[in-house]
Structure formats: structure tokens, C-alpha cells
Amino acid sequence: MPMRTVCLSLFLILLSGTGHAEKLKDWTSVIRESPYWESQGVYQNILTIRRWILESSGYCSETERHILFDRRGQFLGYMENADTREATQKKLNATRRRMAQEGRSEYWVAGDPETTGYPFALACDQPHVNMNEAIGRYLGTAPDDRLWGSWDDLTVGTAQQPESLHAALSYVYQTRRNQQRLDLPAEMDRYLAGQLLIESGAQQQAHSAANARGIMQLSDMVLSDCGIGPENYWHRLAQLDCAMRLTSQNARNLRPVFDARFGNLPKKKRDRLFTLLLVQAYHGGAARVETLLDDDELSQPAAYFATNHESYTAGDIAFGLVFHNLGRNRLGLSSLYYVADVELAGAALCNQPKMKKDPLCAD
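Residues numbered from 1 in each chain as written. Predicted model: local features only at pLDDT ≥ 70, side-chain atom pairs only at ≥ 80, totals over all residues. Heavy atoms only, no water.

**Considering the state of the cysteines**
We apply this condition: Throughout, disulfides are identified as pairs of cysteine sulfur atoms within 2.5 Å of each other. Per the convention used, a helix needs a DSSP run of H or I reaching at least four residues, while a strand needs a run of E reaching at least two, with both numbered from the N terminus. Buried means the residue's accessible area, taken with a 1.4 Å probe over protein chains only, is under 20% of the maximum for its type, while exposed means over 50%, and partly exposed covers the values in between.
Under the defined criterion, the tally for this structure stands at three disulfides. The side chain of Cys60 participates in a disulfide bridge whose partner is Cys124; the two sulfur atoms lie 2.0 Å from each other. Its torsion about the S-S bond being -75°, the disulfide of Cys60 and Cys124 is classed as left-handed. With Cys60 in the loop between helix H3 (42-55) and strand E2 (65-69) and Cys124 in the loop between strand E5 (120-123) and helix H5 (131-138), the pair connects residues that are 64 residues apart, well separated along the chain. On the basis of relative accessible area, Cys60 is assigned to the buried category, the value being 0%. Across the disulfide, Cys350 is cross-linked to Cys361 (sulfur-sulfur distance 2.1 Å). Classification of the bridge connecting Cys350 and Cys361 rests on its S-S torsion, roughly -85°, and on that basis the disulfide is left-handed.

Structure representation (C-alpha cells):
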């Protein structure tokens, strides 16, 4: 066979996709073919990727890039963006195909602005919290970031001595716990602080395109359910109180099905998993999280992880419940990123020198 014919044949084989160069039409096929055991280590892998994005560090030290990773959250490589969004999308798909042809990915799926592709990709330049500035606002570094006032039976600071958002969160949390109005895992206050940092960057007037507002980014319906009128939608004490009430309500709703599914886990792992699912529920809704635990089809990953929990961290299990159901309910990759970001924000806060001995940062 002439050499030119041999080269052409090899080129066509690579394009058609065999073995590691297989192209799938639907990105959910990658999920369906992913065995449950691949969730081992996924939580730490996703934390690493999200840390690069939040901190503009690592492979995201240059923001005009996309990073690509596999279904285990393992970093595969990065790509410099093209000059336009359309050109970047084409380059991204070409990179996916090349990674499959080179054996770095078992599959590849073309994506577009409205459709997930594979290997998964994240833009380094995303609207995200400037963590240092957010923590500064949360700790009341500048006088304008401090607050004072009253809400319901809660009173924080005075005009002469305003308090930080951190002091306000800790005060509301402890007051409601002492009143037995909260029944939450011991470390939930740290995750609530992380949520505040991620939701709003600790900015009082934060307002999303979906009409969520305030430091805890609550919808009008939730604010109304908490008895908060429009004149107090931005009230920071009211927002904290309402977010804690919502989280406690989610905990009551999820606890029976969670205990039925994961009651066999050691207490420390059980409490941490429940905390992560509460963060998930705040972002995506408690009803959707509940289906992951008791729906006939969607609970199959939960049944597996409950039986084989020794091989997985609480974070791996929390992510696995969502990941193996992607495309089946409305919890998506953004739900996983949210939980990771909240974890990272809480850790960044507790790394501040003044927070080292704070009860919120206690192990």
C-alpha cells in the first residue's frame, strides 16, 4: 500500500473515532457510563479546580483561558481563548477531540454555549467573588461595611459602635440556637458564612438577574415566607435570620429520608454529608435533594454509596449523588461548583489570622 494511502487511512481512523477517540453525541452518555467507584477523590479534584478560578491562581493565573477536566474532576489541560466567543467555542471542541485522540480522554462530545461538552470545561474568567474584598467586607474592615440595628427580637450594635457582618451572623445563629429555633449540624455556621461570601460577596445591595437579592440572595417568595416586607428586603439582620430559618426548614424536611438512607454512616461523616446536602439544598432546592435520596431511579447512587461508604469521603458522596444523576433532574454541574465554592470560601475565611481562634472556625 502506498505511504500516502496509509497516512490517509490512519487520519480517517482518528477522525471517525475508535477506542480513546470515540465521539459521543450526548454528553449525558459520559455520565451514564461512569461507574460509581469513579467518585473516589472527586470532591478534592473539583475543589482544586474551583480554587484556581476563585483565586485566579494555578492554571487560571491567566484569566483568558479554559481549563478542561474529566468526569472524576481530574485536570486534563488548559486552552488559551480565541479572539471571539464563537472562535473560542470551535477551538474548545477541537481541543476536546484532540484530547480524545491523544488518549487523555476516553470520549469527547462537542459543546456549544447552551450545551455541555466533554471533557468538561470552565472559563477562568467568570463572574466570581473577589475573595479578599468579600472577606474584608464580612469582617468589617472598612467602617462602611459594619452595621447596627434591629430585626424582630434581634439587636446588633449601635450607631456609635456598629458591628461586623461576622459578629451579626454569629449573634443571630447563637440566639436562634439558644431559642431552639435552629436544629442544624455543628459546623453549619461556617458554611452559612461561606454562602454569604459566595452569594453576594458580603455586598448589601447584591441583586441577581434571577431577582434574588441581599447578602444571602433570597427570592421575594422566600423573603415573604419569612414575614419580610419589601421595605426590609435588603435588611442584613432579616436576611441572615431568614436564611437560617430556610436552612433549618430544609434540615427538617431532609432529615427523615437522609437518616433512612445514611443512618449507618459514622456520626462525623454523617454530619458532614448532611451539612453539604443542606448547602446543596439552599442552592437547588430541598425537594430536588430529597429525590436523590428516595426516588426509585435517582436514589440508586445513594444506595450504592450508603453500602460502600468506607471508600468515599462525605464530599465524594455528596458530589456523587448529583453527578450520577446529571441530566435526570435539575441539579447540574453548577450545583457541584456552588458547594465547592462555599467550602473554599469558609476555608479562606478561617485562614484569616483574626479568625484562627473564632468558634466559627473550630474543627
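From this point, things continue past the structure.
**So, the packing of aromatic side chains**
The description of an aromatic ring pair rests on the distance of the ring centres and on the angle between the ring planes. As a reminder, the rule being used: Here the aromatic set is Phe, Tyr and Trp, taking the six-membered ring for Trp, and pairing holds for ring centres within 6.5 Å; pairs whose planes are under 30 degrees apart are stacked, those over 60 apart are edge-to-face, and all others are tilted. Think of it as a cone above the ring: NZ of Lys or CZ of Arg counts as a charge over the ring if it is within 6 Å of the ring centre and within 35 degrees of the ring normal.
With the rule as written, the count across this model stands at 15 aromatic pairs. Their ring planes at 50° and their centres at 6.1 Å tell us that Tyr36 and Phe305 sit as a pair that is tilted. Pair noted here: Tyr36 is in the loop between helix H2 (28-32) and H3 and Phe305 is in helix H12 (residues 300-307), with a separation of 269 residues, a long-range link. For Phe305, a relative accessible area of 0% gives the class buried. Ring centres of Tyr304 and Tyr312 lie 6.0 Å apart, and the angle between their planes is 70°; on these two criteria the pair is classed as edge-to-face. Exposure remark for Tyr312: the relative accessible area of 3% places this residue in the buried category. Grouped by ring-pair contacts, the aromatic residues Tyr36, Tyr304, Phe305 and Tyr312 constitute a single cluster. In this arrangement the basic side chain of Arg65 is found over the ring face of Tyr78, its NZ or CZ atom lying 4.1 Å from the centre. Across the ring face of Phe274, the terminal group of Arg255 is positioned such that the distance to the ring centre comes to 3.9 Å.

**Quick notes on helix H14 (residues 333-350)**
Rules: Here the expected span of a helix is defined as 1.5 Å times the quantity of residues minus one.
The terminal C-alpha atoms of H14, which comprises 18 residues, lie 26 Å apart, in line with the 26 Å expected from a rise of 1.5 Å per residue. Burial within H14 is extensive, with 16 of its 18 residues counted as buried.

**Here's the deal with the sheet that holds E2**
We count it as follows: By definition, two strands form a pair when at least two bridges between them are found by DSSP. Note on method: axes are straight lines fitted to C-alpha atoms, helices fitted across the in-contact stretch only, with angles between N-to-C directions ranging 0 to 180 degrees.
With antiparallel pairing, three strands are arranged side by side in an open sheet as E3-E2-E5. A strand with exactly one partner marks an edge of an open sheet, and here the two such strands are strand E3 (75-80) and E5. Strand-to-strand twist in this sheet, taken as the mean axis angle between neighbours without regard to direction, amounts to 25°. Bridge count for E2 against E3 is five bridges, and the pairing is antiparallel. Bridge assignment links Arg65 to a residue of E3, and that residue is Glu80.

**What to know about the nonpolar core**
Generally speaking, a soluble globular protein has its nonpolar side chains buried in company with each other. Condition: To qualify as a nonpolar core, a set must consist of buried Ala, Val, Leu, Ile, Met, Phe, Trp, Tyr and Cys residues joined through side-chain atoms within 4.5 Å. Should any heavy atoms of two residues lie within 4.5 Å, those residues are considered in contact.
Ranked by size, the top nonpolar core spans 108 residues in total, and within it Tyr138 and Phe262 carry the most contacts. Among residues more than four places away in sequence, those in contact with Phe262 are Arg270, Leu273, Leu293, Ala302, Phe305, Ala306, Ile317 and Leu321. The next biggest cluster of nonpolar side chains, apart from the first, holds five residues, and it includes Leu68, Leu76, Met79 and Met99.

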